[in-house]
Each structure stands twice: as structure tokens, then as C-alpha cells.
Amino acid sequence: MKVAFLGLGNMGLPMALNLIKAGHQIKGFDLVQAQLDAFKLAGGVPMNSASEAVLDADVIITMLPASRHVEALYLGDSGLLATASPKSLLIDCSTISPKVSQAVAAAAKSKGFAMIDAPVSGGTAGAQAASLTFMVGGDVADVDRARPLLEKMGKNIFHAGASGSGQTVKVCNNMLLGIQMLGTSEALRLGVANGIDPKVLSDIMSKSSGRNWVLELYNPCPGVMENVPSSRAYAGGFGVDLMLKDLGLATENASDLDANVPLGELSRKLYEEHSKAGNGQLDFSSIFNLRAD
Ligand code: NAD
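Description of the structure in this document. (Residues numbered from 1 in each chain as written. Predicted model: local features only at pLDDT ≥ 70, side-chain atom pairs only at ≥ 80, totals over all residues. Heavy atoms only, no water.)

A closer look at the overall build of the chain
Worth spelling out the cut-off: Secondary structure elements are defined from DSSP: runs of H or I of at least 4 residues count as helices, runs of E of at least 2 residues count as strands, and each element is numbered from the N terminus. Only C-alpha atoms enter the radius of gyration; for comparison, a globular chain is expected to reach 2.2 Å times N to the power 0.38, where N is the number of residues. In this tally, Lys and Arg are treated as positive and Asp and Glu as negative; His is ignored, and so are the chain termini. By convention, charge coordinates are those of NZ in Lys, CZ in Arg, CG in Asp, or CD in Glu.
When helices and strands are counted, the chain shows 13 helices and 9 strands. Taken against the 2.2 N^0.38 rule, which gives 19 Å for 293 residues, the C-alpha radius of gyration of the chain at 20 Å falls within 12% of a compact globule. Structurally, the chain occupies a C-alpha span of about 65 × 45 × 35 Å along its principal axes. Charged side chains of the chain number 24 positive and 28 negative; the gap between the two group centres comes to 4 Å.

A closer look at the nonpolar core
Where we set the bar: The nonpolar core is taken to be a set of buried Ala, Val, Leu, Ile, Met, Phe, Trp, Tyr and Cys residues, with the residues joined through side-chain atoms within 4.5 Å. Buried, partly exposed and exposed residues are distinguished by accessible area as a fraction of the type maximum, computed with a 1.4 Å probe on protein chains only: under 20%, between the cut-offs, and over 50%, respectively. The contact rule is simple, with two residues in contact once any of their heavy atoms fall within 4.5 Å.
Formed by 55 residues in total, the largest nonpolar core has its most connected members in Phe5, Met15, Ile60, Ile61, Ile91 and Phe134. The leading source of residues in this core is helix α1 (residues 12–21), at 5 residues. Those residues in contact with Phe134 that sit more than four places away from it in its chain are Met15, Cys93, Ala118, Pro119, Val120, Leu150, Met153, Gly154, Asn156, Ile157 and Phe158.

A few points about unusual backbone geometry
With phi around 60°, Asn227 is a residue other than glycine that occupies positive phi space. Of note, Asn227 is situated in the loop between α11 (213–217) and α12 (240–257). Taking relative accessible area as the criterion, Asn227 reaches 69% and is therefore assigned exposed. Although it is not a glycine, Tyr234 adopts a positive phi angle of roughly 65°. Within the secondary structure, Tyr234 is located in the loop between α11 and α12.

Concerning the environment of Ala114
Along the chain, Ala114 turns up in strand β6 (residues 114–117). For Ala114 and Ile60, which are 54 residues apart along the polypeptide, the C-alpha to C-alpha distance reads 11 Å. Leave out the neighbours within four places in its chain, and Ala114 touches Ser88, Leu89, Leu90, Asp142 and Arg145.

Describing helix α4 (residues 67–75)
Just so we agree on the cut-off: An arc is given here, and it is the one of the directions from the helix axis to the C-beta atoms.
The complete set of buried residues in α4 reads Ser67, Val70 and Tyr74. Buried residues in α4, looked at end-on, bunch into an arc of 65°, giving them a common side. Summarising the contacts, the buried residues of α4 are in contact with β4 (59–62), α5 (80–83), β5 (89–92), α6 (98–110), β6 and α12.

What to know about the site of the ligand
The line we're drawing: Nearness is defined per residue: one heavy atom within 4 Å of the molecule or strand is enough. Two N or O atoms count as a polar contact when they lie within 3.5 Å, although within protein this holds only if one can serve as hydrogen donor and the other as acceptor, and sequence-adjacent residues are included solely when both atoms are side-chain atoms. In this classification, the charged set is Asp, Glu, Lys and Arg, the nonpolar set is Ala, Val, Leu, Ile, Met, Phe, Trp, Tyr, Cys and Pro, and all remaining amino acids, among them Gly, are polar. These domain limits were set by an automatic method or by a database of domain assignments.
Neighbouring the ligand are 21 residues; Met11, Asp30, Leu64, Pro65 and Lys245 lie closest to it. For the ligand, an oxygen atom lies 2.9 Å from a polar atom in the backbone of Met11. The side chain of Asp30 places a nitrogen or oxygen atom 2.7 Å from an oxygen atom of the ligand. Looking at the shell around the ligand, the elements that each hand over two or more residues are α7 (123–129) and α12. Classifying every residue of the shell around the ligand by side-chain character gives 11 nonpolar, 7 polar and 3 charged. Counting contributing residues per domain, the shell around the ligand is built from domain 1 (2–162) and domain 2 (168–289), each supplying no fewer than three.

Function-wise, these values are silent; they only describe arrangement.
Right under this line is the structure:
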């Protein structure tokens, strides 16, 4: 299967490398030369432009930063819908607005393309280990066509529903994660203010009704857990600005639908405050230190 991979950043590069390891020939393109060099070093075929990369592709995978990049690459004057062959299956793995995702898929369909949205959960570690969770939106037949490739990059492939559904599920999941991180941080801070050892508190809450993913696997309080961002000054992991982007997608989506997400709104404001205080590049668990001084 000939695959074109566009967007070889923190996530896209290790995902593409897993396809190469699985024996596929991958042509790739990124706007940043250093990413193309790393791709070439690992056995990929770097191309000079997106349109060159997709020329004879059976499948085109995109992994781009945000909605506007996806709109530009697919719908622009010399974008994918104008340059690629409609026989290519389009898979967008970027995390973007469900509304934009649906619009791009509809435009693709009107030109004869099959397209699915397939955003991921699992971070850069999951991308490297090929253990990502894919949340997929689109027609069953197209999802089945993509499945053998997605299985080379991830462990769990979920079909959420029609076009845009993968993005909707991703937005709901990350809104919950952002809220959960804030709630867990608050509970830990309150315990510590009372003089309780945060490790003891975490152990007890992990076996009680406050139990959650953050508490058990991604503790935000320094010193409680090894090998998590809080144990290395919040370096690496999933950035505050990426969480802020996802909470923006959630609240924008809620506002479009008149859905009520007061905790999502409040969380977005708190992560924004934290980012504006200069913490945008730190891991999102650094929200533990919000207004700590
Ligand atoms: P990134 O910024 O590291 O990579 C994006 C890449 O896309 C960059 O290298 C950029 O140069 C390239 N790009 C932009 N426009 C392009 C174009 N027109 N043609 C070719 N390349 C282009 O971002 P990332 O961390 O890899 O994240 C990618 C997506 O995955 C985002 O939507 C993000 O929200 C989502 N995501 C990220 C994580 C994570 O932990 N980093 C986890 C889950 C989902």
C-alpha cells in the first residue's frame, strides 16, 4: 500500500516510522526541514511538497496542528482535494473542530474522495509505542479500509459514528481530562495544606471513590510518582497550550450546540490563566501550581 504522510511533527513522525517498520513505503512531507531529515534517516521518502507526496498514494494521512492547517492543506487552491487522486483514502488524525472536520469531509466527498477523521489519544509515548487509541468518524466501509494501517500505529481503533464523530469524542475526552486534572490537583492541595503526606493521600483516594486516571497514572504533585512530568519539573508530556486548544474546541462546540458545559468553560479559563503566566509549554499537570504562590 502506498502511503503519503503529511505533518511529521511530535506525533506524525513516530506514527509514520511505525508504518515504515511494518513494511510500508511512506512518502512524507512537512514544512520543517529538520522533521523531513529525521523521517529520511528512518527510511521514509521525503518529498518537496504535499502535492508531490500524494501523487500516486492509496492512502493519505495528515497529522497537523489545528483546524486552520487542515482547512488550508485540504481546501486551499492547490490543496489535496485539487491535487490528489480521488481513489486515495483520506485520513485526518489531527485534533480539530468537529464542525471543520465535517465540512472538510463533505467537500472531499463532493469531489469523490472517501475521508475519515481519526484523532488519537495516548500522546507521543503512545505514538512511539504504536499503542495509540484512534477515535474514528466516517462510513463503516472507509473505516474498515483504514483499519489495517491504523492497527500498525495504535492498539484500540474505535468507530464513533459519522464524519466528525471521532473529533467529538476526542473533544469530550480531553474536556473530561482537563477537568479531572484540575479537580485532582485541588484535592491534593487541600490535603497538603492540612499537613497530609500527598503520597498517603493519593494512595487512599486511589482506593476510594475519588479514584481516577490522573490520580493513578499521572499524579500532578511532585514526588508522589516516578516517571511522570511532575517528577521532572513538568517537562515533556502534554502541554498546557495543547490542553487549552482542546478546551477551546470543547467550549466552541458546546456554544454551537447550546450545550451546557460550565466546568469545561471554567477549566478553559483556568488553563488560560496558567498559560498566560508563562507556563504554556509545561505539561498540563503543572496546573497543580496554579495560584500556588
Ligand atoms: P506538531 O506541531 O509537533 O506537528 C505538526 C506538524 O505539522 C509540524 O511539524 C508542522 O510543520 C506540520 N505542518 C503544518 N502545516 C503543514 C502542511 N501544510 N504540510 C505539511 N506539514 C505541515 O504537533 P503534534 O504534537 O504532532 O500534534 C499534531 C496533532 O495531534 C495536533 O492536532 C494535536 O492536538 C494532536 N495530538 C497531540 C498530542 C501530543 O501529545 N502532542 C496527543 C494527541 C493528539
